[in-house]
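A closer look at the structure
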Amino acid sequence: VEVNGTDVQFLVDTGATNIVLNQRDARRVGLDAENLAYIHTARTANGEVRTAPVRLDTMRLGEIKDFDVRASVNGGELDS
């Protein structure tokens, strides 16, 4: 998937309710991951983790492109 003009590899989780970036990918697409407001909590298979709500300028998958996309940045360890 292309996020803000940068290729990002995603894992598709059919049970997920949100688009989530790890901190490394958030930085790659132009977000200041260290200074985001990690004000939400997500329940994952590995327990609870803090997340920060963000807006992505663009997301593109093939010919499908969307703008001002709601997403979250994971405040914990997330490899993919």
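In this report, the structure presented in the accompanying data block is examined. (Residues numbered from 1 in each chain as written. Predicted model: local features only at pLDDT ≥ 70, side-chain atom pairs only at ≥ 80, totals over all residues. Heavy atoms only, no water.)

To continue, consider the pairing of strand β5 (residues 47-61). Of the pairings in the sheet, the one linking strand β1 (residues 2-3) to β5 comprises two bridges and is antiparallel in character. Pairing of Glu 2 across the sheet is with Arg 60, part of β5. In this sheet, β5 lies alongside strand β4 (residues 40-44) in antiparallel orientation, the contact comprising five bridges. Bridge pairing in β5 places Ala 42 opposite Val 49. Hairpin connection between β4 and β5: a loop of two residues separates the two successive antiparallel strands. Here β5 runs beside strand β6 (residues 64-74); their pairing, made up of ten bridges, is antiparallel. (Pairing = 2+ DSSP bridges. Helix = DSSP H or I, 4+ residues; strand = E, 2+ residues; numbered from the N terminus.)

Counting 15 residues, the largest nonpolar core has Val 3, Leu 21, Val 29, Leu 31, Val 54, Leu 56 and Val 73 as the members making the most contacts within it. Taken together, the elements giving at least two residues each to this core come down to β5 and β6. Here this core takes four residues from β5, the largest share from any one element. Sequence-distant contacts of Leu 31, defined by excluding residues within four places in its chain, comprise Leu 21, Ala 26, Val 54, Leu 56 and Val 73. (Core = buried A, V, L, I, M, F, W, Y, C linked by side-chain atoms within 4.5 Å. Buried < 20%, exposed > 50% of the residue type's maximum accessible area, 1.4 Å probe, protein only. Contact = heavy atoms within 4.5 Å.)

Moving on: the layout of surface pockets. Taken as a whole, the largest pocket encloses approximately 1200 Å³ of empty space. Surrounding the largest pocket, 41 residues form its lining, Asp 13, Ala 16, Asn 18, Ile 19 and Val 20 being those nearest its centre. Elements supplying a minimum of two residues to the lining of the largest pocket: β3 (20-21), β4, β5 and β6. Per-element tally for the lining of the largest pocket: the top contributor is β5, with eight residues. In the lining of the largest pocket, the residues fall into 19 nonpolar, 14 polar and eight charged. (1 Å grid on protein atoms, 1.4 Å probe; cavity = no way out; pocket = protein on both sides within 12 Å on 5 of 7 lines; lining within 4 Å. Points joined across faces, edges and corners; volume = space filled by probe spheres on them. Nonpolar A, V, L, I, M, F, W, Y, C, P; charged D, E, K, R; others polar.)

Note that all results are geometric; they support no functional claim without further evidence.
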